[in-house]
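Descriptive analysis of the structure
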Amino acid sequence: MLKLMKLEMRKFRISSYIYAALLATAVIFILMCTFSLNAEMREVFPIMNYENLFTILDVLVRGTYIVFAAVLLARIVIEEYRSKSINVLFMYPINRKKLIAAKLLVIIVFVFLAYILTNLAVGISIYILNQFISIIPEPLTLSMVFKTLTKIVMSALATSFLSLIPLYVGMRKHSVSATIVSSFLVAAIVCQTVEGFNLFSIVAVPVSMALLGAAVAYFSIRNVERDDVL
Amino acid sequence: MTYTVRTKQLTRAYNGKEAVSNVNLNIRQGEIYGLLGPNGAGKTTVMKMLTNLVKPTAGEIEIFGKKLTPHSYHLLGRMGTIIENPIFYERLTARENLELHCEYMGYYNKQSIAEALELVSLKGVEGKPVKDFSLGMKQRLNIARAILTKPELLILDEPINGLDPVGIKEFRDLFKMLCKQYGITILISTHILAEIELIADTIAVMNEGKLLQEVSMEHIAQQTAEYIELTTPSTQKAAYVLENYLNLTNIRITGEAELRIYDCPIPQSELMKGLVLHEVELEAVHQKKGSLEDYFLSILNGGGTIA
């Protein structure tokens, strides 16, 4: 399986997506700086303490990587069907279920890792920045750090699975645009914040959506041996 | 006799309409087997069923003596395939595409890539991304990919599409060589009769999803005899002269100004002399070998369809 995943990464030049993720991280950092430094923005996004800061950061990262995952899905899975290169792939002496599972795993692992790393990178950068220009007056406690870290890991796990939901829409007609549009919808659901309240903070929501994502993955793999490739 | 591929009553229906119905193929080991038929005859569907891309609705497929099921992955590793258009990962180079193929096939012979590229005359361009290739070059690369792992069975669906005449000749020789030297069984489909005639040992003719005939080339050679075709404004007179003065009996008037002489026992010069002496006007004389085309068309017509 690891070998199949490596081949997938080679095939789709994963390095270009790593650069894209780095770019996204930089953009998120700049956004976070504007939110916390610009006086007008501070009225819209009240960043009073670290908890506010990390919540807003997490929402941004989540939205970014849900759409990012859809781009990966489109490229690694949907495009393969569209260009019919799946014909070639399915004529190899390798279990088709494994082939598709490898593709999805690449995406899950990528989103999971990138999610955590971006959160950490931007969080730490702002913390360092805070030492020079005081944005947040309160000190960062160790318990706060641990609490945030657990939250990030859990939310990364949920996001990496729930970002597979657009695959269901995309596979209907093997449409790249449908995949990406539906990812915006998913992002809208899990990222909306109304006066500090976030749908994602109700534990049942991310859990059930992650399960839904896993189900989508399962159903896209289940019949792959019996289905015709036209 | 060992058969590499056998199908029994192979049938595939799409929405209740049979694209392939009750096809029985018997492909012997080490032969070149031509699958011939007009567009939409079901050739590609048969080939897709042999490679597990499409599942039959009825019937059985046996490859290398084993029944093909949706889980027969190990059998796929012993085949090299070209189905429809050449498909590659366009952003990758030709070499990278072939390397990936080797990895997926579990074939680790570093030399084979260079060899395959040499065989299809693509040396020197392997570093270019495939999206910059012409159709002919992609088709060459496609063939390289199919033969790369030295498979026991090659399934080639219209492999010469997009190739120039020189390329077609080149590949004809290549397929013959692969068959002779490596003992590779080749199943090749085409709608170009003249091509298949030159390389196939056995030919199967398909139309509208049905297998009309499966015959060996030897048999066809006997069926398609030689004849001389005369073009003359006075066919009646020519026929009279041929029958009564030259004692030829196997004559057929095939058109307003055409006449054919089958199994002509006398040299063509004698024939011409005889006709000219009896003042038969001649516009043209052609010696023709009954081509596979005639035979093919007669099978298609005999099958109740209008060609």
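Residues numbered from 1 in each chain as written. Chains lettered and ligands numbered in written order. Predicted model: local features only at pLDDT ≥ 70, side-chain atom pairs only at ≥ 80, totals over all residues.

1. Quick look at the overall build of chain A
Counting its secondary structure elements, chain A contains 10 helices and 2 strands. Across chain A, helices and strands are ordered from the amino to the carboxyl terminus as α-α-α-α-α-α-α-α-α-β-β-α. In terms of C-alpha radius of gyration, chain A reaches 19 Å, essentially the compact-globule figure of 17 Å for 230 residues. Based on the C-alpha atoms only, the size of chain A along its principal axes is roughly 60 × 30 × 30 Å. Long-range contacts, defined as pairs at least 24 residues apart, comprise 82% of the intrachain contacts of chain A with a sequence gap of at least 6. (Helix = DSSP H or I, 4+ residues; strand = E, 2+ residues; numbered from the N terminus. Rg over C-alpha atoms; globule rule 2.2 N^0.38 Å. Contact = placed C-beta atoms within 7 Å.)

2. Brief notes about the sheet that holds strand β8 (residues 153–157) of chain B
Residue and element names in this part refer to chain B. Reading across the sheet, the 6 strands line up as β7-β8-β9-β4-β10-β11 and stay open at both edges, with mixed pairing between neighbours. Only two strands of the sheet have a single partner each, and these edge strands are β7 (79–82) and β11 (210–216). The sheet shows a mean angle of 15 degrees between the axes of neighbouring strands, taken without regard to direction. Direction of pairing for β7 relative to β8: parallel, over a ladder of 4 bridges. Note on β8: the bridge partner recorded for Ile 82 is Leu 156. (Pairing = 2+ DSSP bridges. Axes fitted to C-alpha atoms, helices over the stretch in contact; angles between N-to-C directions.)

3. Considering the interface of chain A and chain B
Chain A puts 17 residues into the contact, and the matching count from chain B is 19 residues. Put simply, the parts of the chain that give the side of chain A that touches chain B at least two residues each are α1 (2–11) and α5 (85–89) of chain A. Of the residues forming the side of chain A that touches chain B, the biggest block, 3 residues, is contributed by α5(A). Residue classes in the side of chain A that touches chain B are distributed as 8 nonpolar, 4 polar and 5 charged. (Nonpolar A, V, L, I, M, F, W, Y, C, P; charged D, E, K, R; others polar.)

4. With respect to the environment of Asp132(B)
Residue and element names in this part refer to chain B. Position of Asp 132 among the secondary structure elements: in the loop between α4 (110–119) and α5 (135–147). Looking at Asp 132, the number of C-beta atoms within 10 Å reads 11, which means it is exposed. In this structure, the C-alpha to C-alpha distance between Asp 132 and Thr 45, residues 87 residues apart in sequence, is 30 Å. (Buried ≥ 20, exposed ≤ 12 C-beta atoms within 10 Å, placed from the backbone.)

5. A few points about the packing of α1(A) against helix α6 (residues 96–132) of chain A
Residue and element names in this part refer to chain A. Contact geometry of α1 with α6 gives a least axis separation of 9 Å together with a crossing angle of 65 degrees. Considering their axes alone, α1 and α6 lie roughly perpendicular with respect to each other. Between α1 and α6 the crossing geometry is right-handed. Here α1 contributes Leu 4, Met 5, Glu 8 and Met 9 to the contact with α6, which in turn contributes Lys 98, Leu 99, Ala 102, Lys 103, Leu 105 and Val 106. When its residues are assigned to classes, the contact of α1 with α6 shows 7 nonpolar, no polar and 3 charged. (Parallel < 35°, antiparallel > 145°, perpendicular 65-115°, else oblique. Left-handed = near helix turned anticlockwise from the far one by under 90°.)

6. Some words on the domain arrangement of chain B
Domain parsing of chain B yields domain 1 (3–222) and domain 2 (225–289). One C-alpha centre belongs to domain 1 of chain B, the other to domain 2 of chain B; they are set 44 Å apart. (Domains from an automatic or database assignment.)

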